[in-house]
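The primary structure of each chain is shown beneath.
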Amino acid sequence: MKAIIFIFTILTATTAMGQKLPAAGKAALDSQQDTLRAISYDIINGKTQETRSVRNDEFIPALVKALKTPYSYYYPFDSLKTMARVYPADSTFRIFTWPLEFDNGTFRHFGVIQMNTKDGSLKLFPLFDNSDYTANPDTITNHKGWYGCLYYAMIQRRYFNAEYYTLFGWDANNLRSQKKIAEVLTFKEGQPTFGGPFFSFVEDTTRKPTRNRFILEYKRDAAASLNFNEEAGIIVYDHLISETGEEVKKHTLVPDMDYEGFKWQAGKWVHIEKIFHDALEKGKVPVGVPLDKSKSNLREPKTYDEIAEEEAAKQAEKDAKKKKKKN
């Protein structure tokens, strides 16, 4: 079974949804969502690559048709469990992303940016996954050269009257490794730009070049986190080490119970070499969502709260073992 269950967080107030959407439009979208749900199920669960690809080709125009409904921005599409949806704090746009799995265990991602227009008309930027054809992932791209992934979180920062949207994504990648990705989205003259010189290592003991995109690649069946810790106000991620002592082989990297991070400073994310996780409130360590395929129960998907509780329990167990070793 090739199904993958994703748990997503929508970063917007749900009460805002539907306030501007006419009743007739909502009824039409309810019906269209039912059709989209059936198609999207096959994109994830189809037994053959051909089936999944055909259904994906059907899904794209069906989604665009639904989004053409006036004020569709205010329709949450919350029953489409296989499609991730993230919103910025200012609710000026939203991003939909979803995966297509190939028989060789690799993935291609699809997505759209829907702008929140005043007159309810559709303004859309389709996202074209170019990651398989990009030799250097540390690039600045537009929506036509997108580094494809599933976005599971977004935070917004303002600097010198400009808005910066930091996106957190997940890529199942291949049979050997998976990736977590952080990148900054900006809009220049109304056009989206992914990436930029925002990830700085200027305060590191050994300085490294500034990165346009931060990618954490690690062993496929490991569980590593990369997310924003609201209470601490920083990005936190797992420090990785190689199980075999071969750091260049990303598929050997696993978490070692230490954490690194980034702090927002003067319009950049400045690297923090070591974060003492004991300083983080218990249970507040960022949850690595979406879940790894190997860790998920495909028949009974868990809620975000259940996952958070499990992650907190795992962290407490790790802390106890570490303390016992010190003693």
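The structure we're discussing is the one just above.
What you see is a predicted model; the values in this text were computed from it and never measured.

Draft legend 1. Fine view of the pairing of strand β6 (residues 162–171). With respect to burial, β6 is a largely interior element, eight of its ten residues being buried. Examined bridge by bridge, strand β5 (residues 150–159) and β6 share nine bridges and lie antiparallel to one another. In the strand pairing of β6, Ala153 is matched with Phe168. Between β5 and the antiparallel strand that follows it, β6, lie two residues; Phe160 among them carries a positive phi value of about 50 degrees. Both β6 and strand β7 (residues 177–188) contribute to a ladder of seven bridges, which runs antiparallel. Following the sheet pairing, Gly169 is matched in β7 by Ile181. Taking the residues that link successive antiparallel strands as the turn, the β6-β7 hairpin has five residues, and the phi of Asn173 there is positive, at about 60 degrees.

Draft legend 2. Representation of the pattern of salt bridges within the structure. With the rule as written, the count across this model stands at 13 salt bridges. Between Arg55 and Asp42 there is a salt bridge; the shortest N-O distance is 2.9 Å. One end of the pair, Arg55, is in helix α2 (residues 49–67); the other, Asp42, is in helix α1 (residues 23–45), and 13 residues separate them in sequence. The partly exposed category is assigned to Asp42, whose relative accessible area is 24%. The partner of Glu163 in a salt bridge is Arg158, with the nearest N and O atoms 1.9 Å apart. According to the relative accessible area criterion, Glu163 is partly exposed, its value standing at 23%. Beyond isolated ion pairs, a larger network of salt bridges with shared partners links Asp42, Arg55 and Glu58.

Draft legend 3. Broad picture of the sheet that holds strand β11 (residues 226–229). The five strands lie next to each other as β9-β14-β13-β12-β11, forming an open sheet whose pairing is mixed. Only two strands of the sheet have a single partner each, and these edge strands are β9 (199–200) and β11. By the bridge criterion, eight bridges tie strand β12 (residues 234–242) to strand β13 (residues 253–265) in an arrangement that is antiparallel. Along β13, the bridge assignment pairs Ile234 with Lys263.

Draft legend 4. The arrangement of α1 in detail. Taking 1.5 Å as the rise per residue, α1 with 23 residues should run 33 Å; its terminal C-alpha atoms sit 33 Å apart, in good agreement. Those residues of α1 that fall on the buried side of the exposure criterion are Gly25, Leu29, Gln32, Gln33, Leu36, Ile39, Ser40, Ile43, Ile44 and Asn45. Looking at the packing, one finds that the buried side of α1 touches α2 and β2 (93–101).

Draft legend 5. Up close: the side chain of Arg213. By secondary structure assignment, the location of Arg213 is in the loop between β9 and β10 (214–219). According to the relative accessible area criterion, Arg213 is buried, its value standing at 3%. Within the local environment of Arg213, its side chain forms a polar contact with the side chain of Glu183, the two groups lying 2.6 Å apart. Every residue in contact with Arg213, bar those within four places of it in the chain, is listed here: Pro137, Asp138, Thr139, Thr141, Tyr147, Ile181, Ala182, Glu183, Phe194, Gly195 and Phe199.

Draft legend 6. Spatial organisation of the pairing of strand β4 (residues 124–128). Here β4 shows a clear split, with Phe125 and Leu127 buried on one side and none of Leu124, Pro126 and Phe128 buried on the other. As judged from the five bridges shared by strand β3 (residues 107–115) and β4, these two strands associate in the antiparallel manner. Pairing of Ile113 across the sheet is with Phe125, part of β4.

Draft legend 7. Summary view of α2. Compared with the 27 Å implied by 1.5 Å per residue over 19 residues, the 27 Å span of α2 between its first and last C-alpha is a close match. Where the residues of α2 are buried, they touch α1, β2, β3 and β4.

Draft legend 8. Structural context of the environment of Leu253. Along the chain, the position of Leu253 falls in strand β13. The spacing of Leu253 and Glu217 is 36 residues in sequence and 7.6 Å in space, taken between C-alpha atoms. Beyond its immediate sequence surroundings of up to four residues, Leu253 is in contact with Glu217, Tyr218, Lys219, Ala222, Leu240, Ile241, Ser242 and Glu247.

Draft legend 9. Molecular detail of unusual backbone geometry. Not every positive phi belongs to a glycine, and Tyr71 is a case in point at roughly 65 degrees. Looking at where Tyr71 falls in the secondary structure, it is placed in the loop between α2 and β1 (84–86). One non-glycine residue with positive phi stands out, namely Asn173, at about 60 degrees. Mapped onto the elements of the fold, Asn173 is located in the loop between β6 and β7.

What counts and how
- Per chain, the residues get numbers from 1 upward, laid out in the order the sequence is written.
- Thresholds applied to this predicted model are a pLDDT of at least 70 for local features of residues and 80 or more for the giving and counting of side-chain atom pairs; totals over whole chains, interfaces and linings are not thresholded and use all residues.
- Excluding hydrogens and water, the side-chain values take into account all heavy atoms of the structure.
- Whether a residue is buried, partly exposed or exposed follows from its accessible area with a 1.4 Å probe, protein chains only, as a fraction of its type maximum: under 20%, in between, or over 50%, in that order.
- Here a strand is any run of E in DSSP of at least two residues, a helix any run of H or I of at least four, and the numbering for each starts at the N terminus.
- Paired strands, in this sense, are two strands between which DSSP finds at least two bridges.
- Counted as salt bridges are all cases of a side-chain nitrogen of Lys or Arg within 4 Å of a carboxyl oxygen of Asp or Glu.
- Expected helix span is taken as 1.5 Å per residue step, with the number of steps being one fewer than the number of residues.
- Two residues form a contact once any of their heavy atoms are found within 4.5 Å.
- Pairs of N or O atoms are called polar contacts if they sit within 3.5 Å, as long as, within protein, a hydrogen donor faces a hydrogen acceptor (for residues adjacent in sequence, only side-chain-to-side-chain pairs).

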